[in-house]
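Listed below are the residues making up each chain.
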Amino acid sequence: MTLSSPKGNDEAAVKVPAILALEASGDLLAVAVWVQGAVREHQAHVARHGHAAHIATLVEQVMESAGVRFADITHVAAGRGPGSFTGIRVALAAAKGFCLVTGAVGMGINGLAALAAHYGSGIPVLVSAETRRGPCYAQLFGDGGEALTSIFEIEPADILASLPAGLTDLAIVGWKADEIAASLLVAGCGIRVVAVHAAARVDAAQIATCAAALIKVDDPGEAMTPLYLAPAFLGPAKQAGQ
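Residues numbered from 1 in each chain as written. Predicted model: local features only at pLDDT ≥ 70, side-chain atom pairs only at ≥ 80, totals over all residues. Heavy atoms only, no water.

**Student:** Which residues make up the confidence of the model for the protein, and what values go with them?
**Tutor:** Chain-level pLDDT for the protein is 89 on average; 89% of the residues reach the 70-or-more range. Segment residues 1-13 is flagged for pLDDT under 50; beyond a separation of four residues in sequence, or across chains, it makes 16 contacts in the model. pLDDT under 50 marks residues 234-242. Its contacts with residues more than four places away, or in other chains, come to 0 contacts. (pLDDT = per-residue confidence, 0-100. Contact = heavy atoms within 4.5 Å.)

Printed below as a string of C-alpha cells:
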C-alpha cells in the first residue's frame, strides 16, 4: 500500500495511512481496519467480560477479511476509555503489541470524543458511558467537536448540575441517554434535546475514523495510556492463608 510520487524517483514514496483500530472499554469488543479513506472491515464481539480471550482472533479475522497485511499497517488506534478498567487495558496492551511487531504509530483515542464526532450534527453533543458502578462518565462537546467540559462522573439524573449555562439545543448520545434526556425535561432547564441515541456505544469503526481525521491534519492524537477517572475496584483484601 505504497504510492509512488508523481514527480518521479527524486522524491520518496508516500505510504497511504492504514489504521488498525481496537476498542474494548465497554460491553463491545470491536476491531476495524481503515484504508483508502474508509473503514474497509469491521467486526464486533458482544460480551460483558473476556475481551482478552478474543481480541487476537478478532484482529486476525478482520485483517484477513480486509485483505490487509500487518506490514501495510501504519497506525494502530486504541480506545483509551473511559470505561471498564480491564477492557481498556486489553485494548491498549494489544495495540502496543501490534505497534512493536509492525512498527506502526500508536494512537490513543478518547471514546467519548469518537462518539461525539460520529453523532455530531452541528449542535453540542453530550456523550455518556457506563462506569459499571451506577453513575455515568460524561463529557460535553461543541458543535465543532471541541471538548466543552472535562470528563466527569455523575448520576444520570443529576447531570444538569455539570452542564455549562447557555445551552439551548443538545444531542445526547450513549449509556442511559434517554434517562438523561428525561431528567433535563423534568428540570425545565430550557435545553431542547434534539436527538437521543441511547443505543450508541463506542465502536472500533468510530475509533478508526477519529484517528484518520487526526492523521489528516498531522495531529498525533493522545498517548496510548488508559483514561481512568477512578481507581480499579480490586475487591476486599485477602486474609493471610487464603
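Having put the structure on the table, let's press on.
**Student:** Tell me about helix α3 (residues 111-119), and name the residues and values.
**Tutor:** An α-helix turns once per 3.6 residues; consequently, residues spaced three or four apart project the same way. Residues Gly111, Leu112, Ala114, Leu115 and Ala116 constitute the buried set of α3. In the core, the buried residues of α3 are packed alongside β7 (105-109), β8 (125-130), β9 (136-141), β11 (169-174) and α5 (204-216). You can read the cap of α3 off the contacts: a side-chain oxygen lies 2.8 Å from the backbone nitrogen of Leu112, and it is on Asn110. (Buried < 20%, exposed > 50% of the residue type's maximum accessible area, 1.4 Å probe, protein only. Helix = DSSP H or I, 4+ residues; strand = E, 2+ residues; numbered from the N terminus. Polar contact = N/O pair within 3.5 Å; in protein donor to acceptor, adjacent residues only side chain to side chain.)

**Student:** Tell me about the packing of aromatic side chains, residues and numbers included.
**Tutor:** Per the stated rule, a full pass over the model turns up 2 aromatic pairs. Between Phe70 and Phe98, the aromatic rings sit 5.7 Å apart at their centres with planes inclined by 15°, giving stacked as the arrangement. Of the two residues, Phe70 is situated in the loop between α1 (51-66) and β6 (75-79) and Phe98 in helix α2 (residues 85-102); the sequence distance between them amounts to 28 residues. Residue class for Phe70 comes out partly exposed when judged on its relative accessible area of 34%. Its relative accessible area of 18% is what places Phe98 among the buried residues. When the ring of Phe85 is compared with that of Tyr228, the centres are 4.6 Å apart and the planes differ by 25°; the resulting orientation is stacked. One end of the pair, Phe85, is in helix α2; the other, Tyr228, is in the segment after α5, and 143 residues separate them in sequence. (Phe/Tyr/Trp six-rings, centres within 6.5 Å; stacked < 30°, edge-to-face > 60°.)

**Student:** Account for the packing of α3 against α5, with residues named and values stated.
**Tutor:** Put simply, α3 and α5 touch, their axes get as near as 9 Å, and they point 85° apart. Comparing the axis directions of α3 and α5 gives the class roughly perpendicular. Contacts between α3 and α5 involve Gly111, Ala114, Leu115, His118 and Tyr119 from the first element and Gln206, Ile207 and Cys210 from the second. Across the contact of α3 with α5, the residue classes break down as 5 nonpolar, 3 polar and no charged. (Axes fitted to C-alpha atoms, helices over the stretch in contact; angles between N-to-C directions. Parallel < 35°, antiparallel > 145°, perpendicular 65-115°, else oblique. Nonpolar A, V, L, I, M, F, W, Y, C, P; charged D, E, K, R; others polar.)

**Student:** Any chance you could break down the pairing of strand β12 (residues 192-197) for me, citing the residues and the numbers?
**Tutor:** Summarising the sheet, β11 and β12 pair through 5 bridges and their orientation is parallel. Opposite Asp169, over in β12, you have Arg192 as the bridge partner. Each parallel crossover has a hand, and for β11 linked through helix α4 (residues 177-187) to β12 it is right-handed. (Pairing = 2+ DSSP bridges. Right-handed = clockwise from strand over helix to strand, strands pointing away.)

**Student:** Just give me the short version of the sheet that holds β7, but keep the residues and values in it.
**Tutor:** One open sheet accounts for 5 strands, arranged β5-β4-β3-β6-β7; its pairing is mixed. Edge strands, defined here as strands with exactly one partner in the open sheet, are β5 (38-46) and β7. With strand direction ignored, the average angle separating the axes of adjacent strands in the sheet is 15°. Looking at chain direction, strand β3 (residues 18-23) and strand β4 (residues 28-35) are connected through 6 bridges and run antiparallel.

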